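Read off the chains here:
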Amino acid sequence: MEILLIIIIVIALLAAFFLRQTGRAEQGRAGIPLDARVVYSDTGAWARLEKPLFSRRYQLTGKPDYIVEDETGATIPVEVKPSRTARQPRHSDTMQLMAYGILVEEKFGRRPAYGLLKYRDEVFRIEFTDALRAELFAILEDMRRARRAKNVARSHAEAVKCRYCGYREACEERLE
Ligand code: SF4
């Protein structure tokens, strides 16, 4: 009986060790510091978040890939773009992460100081400065205004998107 108990305990310990190692490997691949604790992930490796985060105050919603607790106990969002390669974070990705920062703040009641943006080969730490926050709110306000407007001029910020756009034939504002 005693031997059976010991075997069960050893198997349980081995299973716990294996799960921990698998989790750490996944965490490393995602660019999350190994000393950070994953609170939730949207990738299926950890428990899925059932609903997107939502802020009534800012009328904002979204689902970061991960939310982790770092070594200081701060809760931070992590966004992973596995196929993106760049030396600098894209502005649109930075703003997306900032929006997740606001959502995390709304959900957990504490403003995260930064978020992590993982590209294929790099992990960028994006500081959630007051200036970045203000820029996001300005963009949100522009979007709200555009939604209320009857006509909105197309953005040509990314010419390559225009070149391959599915509406190209019908669009009078396409780039030549
Ligand atoms: S073709 Fe028109 S809708 Fe498409 S990206 Fe260009 S401007 Fe925008």
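All values derive from a computational prediction rather than experimental measurement. (Residues numbered from 1 in each chain as written. Predicted model: local features only at pLDDT ≥ 70, side-chain atom pairs only at ≥ 80, totals over all residues. Heavy atoms only, no water.)

Describing the overall build of the protein
The number of helices and strands found in the protein is four helices and seven strands. Sequence-ordered secondary structure for the protein, helices as α and strands as β, is α-β-β-β-β-β-α-β-β-α-α. Taken across its 176 residues, the protein has 34% of its residues classed as buried. Within the protein, contacts between residues separated by at least 24 positions form 52% of all contacts whose residues are at least 6 apart in sequence. Within the structure as shown, the protein displays about 12,200 Å² of accessible surface, and the carbon and sulfur contribution to it stands at 55%. (Helix = DSSP H or I, 4+ residues; strand = E, 2+ residues; numbered from the N terminus. Buried < 20%, exposed > 50% of the residue type's maximum accessible area, 1.4 Å probe, protein only. Contact = heavy atoms within 4.5 Å. Areas by Shrake-Rupley, 256 points an atom, 1.4 Å probe, with all protein chains shown as cover.)

Topic: helix 3 (residues 130-148)
With 19 residues, helix 3 extends 27 Å between its outermost C-alpha atoms, agreeing within 8% with the 27 Å of an ideal straight helix rising 1.5 Å per residue. Looking only at helix 3, the buried set comprises Leu132, Arg133, Leu136 and Leu140. Down the axis of helix 3, the smallest arc covering the buried residues is 105 degrees, so these residues share one side. Facing away from the buried side of helix 3, by more than 90 degrees, are the exposed residues Asp130, Ala131 and Arg148. (Expected span 1.5 Å × (residues − 1). Arc of directions from axis to C-beta.)

What to know about the environment of Leu132
Residue placement: Leu132 occurs in helix 3. Through-space distance from the C-alpha of Leu132 to that of Met95 is 7.8 Å; in sequence the pair is 37 residues apart. Contact partners of Leu132, with chain neighbours within four places excluded, come to Thr94, Met95, Met98, Ile126 and Glu127.

Notes on helix 2 (residues 91-108)
Here helix 2 spans 26 Å end to end across 18 residues, near enough to the 26 Å set by a 1.5 Å rise per residue. Considered for burial, the residues of helix 2 that qualify are Asp93, Thr94, Met95, Leu97, Met98, Ala99, Tyr100, Gly101, Ile102, Leu103, Val104 and Glu105. Of the residues flanking the end of helix 2, it is Gly109, one or two places downstream, whose phi is positive at about 75 degrees.

Notes on the site of the ligand
Around the ligand sit Arg154, His156, Cys162, Cys165, Arg168, Cys171, Glu173 and Arg174, and those are all the residues in its vicinity. Split by residue class, the shell around the ligand holds three nonpolar, one polar and four charged. (Near = heavy atom within 4 Å. Nonpolar A, V, L, I, M, F, W, Y, C, P; charged D, E, K, R; others polar.)

Here we look at the packing of helix 2 against helix 3
Packing of helix 2 against helix 3 leaves a shortest axis separation of 10 Å and a crossing angle of 95 degrees. The angle between helix 2 and helix 3 falls in the class roughly perpendicular. Residues His91, Thr94, Met95, Met98, Ala99, Ile102 and Glu105 of helix 2 form the contact with helix 3, whose own contacting residues are Leu132, Arg133, Glu135, Leu136, Phe137 and Ile139. When its residues are assigned to classes, the contact of helix 2 with helix 3 shows eight nonpolar, two polar and three charged. (Axes fitted to C-alpha atoms, helices over the stretch in contact; angles between N-to-C directions. Parallel < 35°, antiparallel > 145°, perpendicular 65-115°, else oblique.)

Details of the packing of aromatic side chains
Per the stated rule, a full pass over the model turns up two aromatic pairs. For the ring pair Tyr119 and Phe124, a centre distance of 5.3 Å and an interplane angle of 75 degrees mean the geometry is edge-to-face. Judged on exposure class, the residue Tyr119 and its partner Phe124 are both buried. (Phe/Tyr/Trp six-rings, centres within 6.5 Å; stacked < 30°, edge-to-face > 60°.)

Some remarks on the confidence of the model for the protein
A residue-level look at the protein finds 74% of positions with pLDDT of 70 or above and a mean pLDDT of 80. Here strand 1 (residues 37-41) stands out as the element of the protein with the lowest mean pLDDT, 55, in contrast to helix 2, whose mean of 94 is the highest. Confidence over residues 44-48 falls short of pLDDT 50; this stretch has 12 contacts with residues more than four positions distant or in other chains. (pLDDT = per-residue confidence, 0-100.)

Brief notes about the nonpolar core
With 20 residues, the main nonpolar core has Leu60, Ile126 and Leu136 as its most contacted residues. Looking at this core, the elements that each hand over two or more residues are helix 2, strand 7 (123-127) and helix 3. Apart from the residues within four sequence positions on either side, Ile126 is in contact with Pro89, Thr94, Leu97, Ala113, Tyr114, Gly115, Leu117 and Leu132. In this structure, Tyr66, Ile76, Val80 and Leu116 belong to the second largest nonpolar core, which totals seven residues. (Core = buried A, V, L, I, M, F, W, Y, C linked by side-chain atoms within 4.5 Å.)

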